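# Summary of the model geometry
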Amino acid sequence: MKVLVINAGSSSLKYQLYDMNDESVLAKGLVERIGMDSSILTHKPTGKEEVTEVSEILEHTTAIRKVLDKLVDKEHGVLNSVDEIQAVGHRVVHGGEAFKSSALVTPEAKAEIRRLFDLAPLHNPPAISGITAAEKNMPNVPQVVVFDTAFHQTMDEKVFLYPIPKVLYKKHHVRRYGMHGTSHYYVSRVAAEYLNRPLEDLKMITCHIGNGGSLTAIKDGKSFDTSMGLTPLEGLMMGTRSGDLDPAVVTFVMNKEELTISEVNSMLNKHSGLLAISGSSSDMRDITDGLEAGEPNATLAFEMYEYRLRKYIGSYAAALNGVDVIVFTAGVGENSAVVREKVCENLTYLGVEIDPELNKIRSGEPRRISSPNSKVEVLVIPTNEELVIARDTLRIVEESK
Ligand code: AMP
């Protein structure tokens, strides 16, 4: 079966086409600047040259039509006909409490995703645009939704509730949901497989650290706690997001600076984190370059980032009453040897010991970076959220037959 995976943002649409017989990627690409003057479609068929096309793409329906045209294109295509696509899987950020796992797209499912717009105003509306656009272009093809929050629905009430008046949970569903669920799910499974040990026996801390970042404490293969909350702002210091702070900072700053809700939201989500402290960049590559050059602001940004990450690992080791495996994944986790080294050199009390040589290797494959003496297995595992979406899509479509 061929499955098209779609990740729709407000002005972008990422896609990957899988042949699920061998889980190979036939093509992938990205449409950027949807709704703007010149939209850019970048299409990469496996084993062939990447192509870029600039045109005017005003909304997601046209974006998907252009993608389908490329997939059957004589020169750059990988399919003879669009009919070869037998299912479409969509990434949806927020599934609230309604979606504990992936689901077939039905009018009810779409209505539920719309009800969740309030909780994910930047993410769920474009996901609905992507679903509607795919339905218009492929009306007879089953569609599946896969949620970032679903894996974390196993968290206990004592973990997911905030200690604030309970009426806010009842009335407005204010609670912790967590994000990056497909990634935490995927790397935890690959880790157990790599170690050749039963997942249920392992206490694991998975660190998904990219532009955004979250940690998950995994017990019995299930999400026990995770660092993102009602929104992706809670938890770690990130590229442009603050992560945890005293909630009173928000009202204090709003009052002193006369900021509106949207201004303070923008400050915490887009102008904080590494960017705010370094004063120059949200990208860990620039921060580590600055660290090596002895630049004071980049050094402080790095130290704060590493310290806050390490404190979370410590708190999750406490939450789990021990840790057997720590996994690093996503842009920073997979590529930054220095972040991994600095975090791990201060985790010796847990028995963590990494091998500096193994830590330097970049292979794009799951690998161990801990030394044989380490009491905790430390792994680097490239994440693959698209593959999880494709697998879930296949499973749900087959179950629905
Ligand atoms: P992601 O959100 O998972 O795509 O991660 C993107 C982020 O990963 C970038 O913004 C960088 O901060 C970080 N990144 C990518 N490559 C490297 C690298 N070689 N060293 C350090 N950070 C990196």
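Residues numbered from 1 in each chain as written. Predicted model: local features only at pLDDT ≥ 70, side-chain atom pairs only at ≥ 80, totals over all residues. Heavy atoms only, no water.

Where an unreviewed UniProt entry is consulted, the protein chain appears under the name Acetate kinase, with the organism given as Paenibacillus physcomitrellae. UniProt, in the comment section headed Function (unreviewed entry), describes the protein chain in these words: "Catalyzes the formation of acetyl phosphate from acetate and ATP. Can also catalyze the reverse reaction." Quoted verbatim from the Subunit (unreviewed entry) heading of the UniProt record, the comment on the protein chain is "Homodimer." (UniProt positions renumbered as here; feature names shortened; annotations may be inferred.)

## Some thoughts on the nonpolar core
Of all hydrophobic cores here, the largest spans 34 residues; its most connected members are Ile205, Leu215, Tyr305, Ile326, Val339 and Val352. Mapped onto this core, the elements with two or more residues apiece are strand S9 (204-209), strand S10 (213-219), helix H10 (284-292), helix H11 (296-320), strand S12 (325-329), helix H13 (337-345) and strand S14 (377-380). Ranked by residue count, the leading element in this core is H11, at nine residues. Leaving out residues up to four positions away in the same chain, Tyr305 has contacts with Ile209, Gly210, Met237, Leu274, Met284, Val332 and Val339. Of all hydrophobic cores here, the second largest spans 30 residues; its members include Tyr18, Phe151, Val187 and Leu394. (Core = buried A, V, L, I, M, F, W, Y, C linked by side-chain atoms within 4.5 Å. Buried < 20%, exposed > 50% of the residue type's maximum accessible area, 1.4 Å probe, protein only. Helix = DSSP H or I, 4+ residues; strand = E, 2+ residues; numbered from the N terminus. Contact = heavy atoms within 4.5 Å.)

## As for the site of the ligand
Near the ligand you find Gly210, Asn211, Asp283, Met284, Arg285, Ala330, Gly331, Val332, Asn335, Ser336 and Arg362, and these make up its full shell. Side-chain polar atom of Asp283 to an oxygen atom of the ligand: 3.2 Å apart, as the coordinates give it. Within the backbone of Val332, one N or O atom sits 3.5 Å away from an oxygen atom of the ligand. Bound to the protein, the ligand loses 72% of the 500 Å² it would expose on its own. Among the elements that make up the shell around the ligand, the one with the highest residue count is helix H12 (residues 330-335) (four residues). (Near = heavy atom within 4 Å. Polar contact = N/O pair within 3.5 Å; in protein donor to acceptor, adjacent residues only side chain to side chain. Areas by Shrake-Rupley, 256 points an atom, 1.4 Å probe, with all protein chains shown as cover.)

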